[in-house]
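Summary of the model geometry
Each chain is listed here by its residues.
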Amino acid sequence: MQLPPPGLGLLGSLQMMHHSPLELMAAAHHHGPPRYGSPPPISTSDPSANECKLVDYRGQKVAAFIIQGDTMLCLPQAFELFLKHLVGGLHTVYTKLKRLDIVPLVCNVEQVRILRGLGAIQPGVNRCKLLSCKDFDVLYRDCTTARYVSLNIARSISTHSYLK
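Residues numbered from 1 in each chain as written. Predicted model: local features only at pLDDT ≥ 70, side-chain atom pairs only at ≥ 80, totals over all residues. Heavy atoms only, no water.

Quick notes on the packing of aromatic side chains
A full pass over the atoms with the stated rule returns three aromatic pairs. With a centroid separation of 5.7 Å and 80 degrees between ring planes, the pair formed by Tyr-57 and Phe-82 is classed as edge-to-face. Of this pair, Tyr-57 sits in strand S1 (residues 52-57) while Phe-82 sits in helix H3 (residues 75-83); the two residues are 25 residues apart in sequence, bridging distant segments of the chain. In this structure Tyr-57 comes out as buried when scored by relative accessible area, which is 9%. Through pairs of rings, three or more aromatic residues link up here, namely Tyr-57, Phe-82 and Phe-136. Cation over ring: Arg-58 sits above Tyr-140, and NZ or CZ is 4.0 Å from the ring centre. (Phe/Tyr/Trp six-rings, centres within 6.5 Å; stacked < 30°, edge-to-face > 60°. Helix = DSSP H or I, 4+ residues; strand = E, 2+ residues; numbered from the N terminus. Buried < 20%, exposed > 50% of the residue type's maximum accessible area, 1.4 Å probe, protein only. Lys NZ or Arg CZ within 6 Å of the ring centre and 35° of its normal.)

What follows is the structure, encoded as structure tokens:
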């Protein structure tokens, strides 16, 4: 395969394979969504999906929506209350969710507006995800188990180094 002239990058190498960018985009579209793509936002056709409640969860009040009978917690607020001291950041939580094969729901625009109004998310935030209590329990257990295991490994290493 020939290398494209300098400066043409990927587009140049694709065109050298005799496919137009539109043909390649169309072909890529037929392979389906990416494996870890977020689901579409929650439908706004069900008005009850936009009724936010403060629920008592693990001894704290957390903003939540009832979606198809499940209590769905505001993930950023739950992170702040329960996980912030256990993991590096919200990006770490999303990585753990992928590994655990848990897909949070994406809030619709109205839900985001409501959560901002309640102070569950920061004023400038324009998107948010929801997680069921059951899924949050799995995530929480993963975060606390990982922390417990790493603390024990660190203690074990420091104990063994004193013995030498």
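Brief notes about the nonpolar core
Counting residues in hydrophobic clusters, the biggest one holds 19 residues, and the most contacted among them are Leu-83, Val-93, Phe-136 and Leu-139. Those elements giving two or more residues to this core turn out to be S1, strand S2 (60-67), H3, helix H4 (90-99) and helix H6 (133-163). At five residues, H3 tops the list of elements feeding residues into this core. Not counting the four nearest positions on each side in its chain, Leu-83 is found in contact with Ala-78, Val-93, Phe-136, Leu-139, Tyr-140 and Cys-143. Core analysis: the second largest hydrophobic core is formed by 14 residues, Ala-49, Met-72, Ala-120 and Cys-128 among them. (Core = buried A, V, L, I, M, F, W, Y, C linked by side-chain atoms within 4.5 Å. Contact = heavy atoms within 4.5 Å.)

As for the sheet that holds strand S5 (residues 129-132)
With antiparallel pairing, five strands are arranged side by side in an open sheet as S1-S2-S3-S5-S4. The strands lining the two open edges of the sheet, one partner per strand, are S1 and strand S4 (105-106). The sheet contact formed by S2 and strand S3 (residues 70-74) spans four bridges and is antiparallel. Bridging from a neighbouring strand, Ile-67 pairs with Asp-70 of S3. Running over the sheet, H3 touches S1, S2, S3 and S5 and is turned about 155 degrees from S2. Docked against the sheet, helix H5 (residues 109-118) engages S1, S2, S3, S4 and S5, running at close to 165 degrees with respect to S2. (Pairing = 2+ DSSP bridges. Axes fitted to C-alpha atoms, helices over the stretch in contact; angles between N-to-C directions.)

Looking at the pattern of salt bridges
Within the structure shown, the criterion is met by five salt bridges. A salt bridge links Arg-99 to Asp-142; the nearest nitrogen and oxygen atoms lie 2.6 Å apart. On the criterion of sequence distance, the pair formed by Arg-99 in helix H4 and Asp-142 in helix H6 is long-range, its members being 43 residues apart. Notably, a salt bridge pairs Arg-113 with Glu-110, separated by 2.5 Å at the nearest N-O pair. Residue Arg-113 and its partner Glu-110 are located together in helix H5, separated by three residues, close to a single helical turn. In this structure Glu-110 comes out as partly exposed when scored by relative accessible area, which is 30%. (Salt bridge = Lys/Arg side-chain N within 4 Å of Asp/Glu carboxyl O.)

Quick notes on the pairing of S3
Taken together, S2 and the strand that follows it, S3, pair antiparallel across an intervening segment of two residues, in which Gln-68 is found at a positive phi of about 50 degrees. Judged from the three bridges that link them, S3 and S5 form a sheet pairing that is antiparallel. Following the sheet pairing, Met-72 is matched in S5 by Ser-132.

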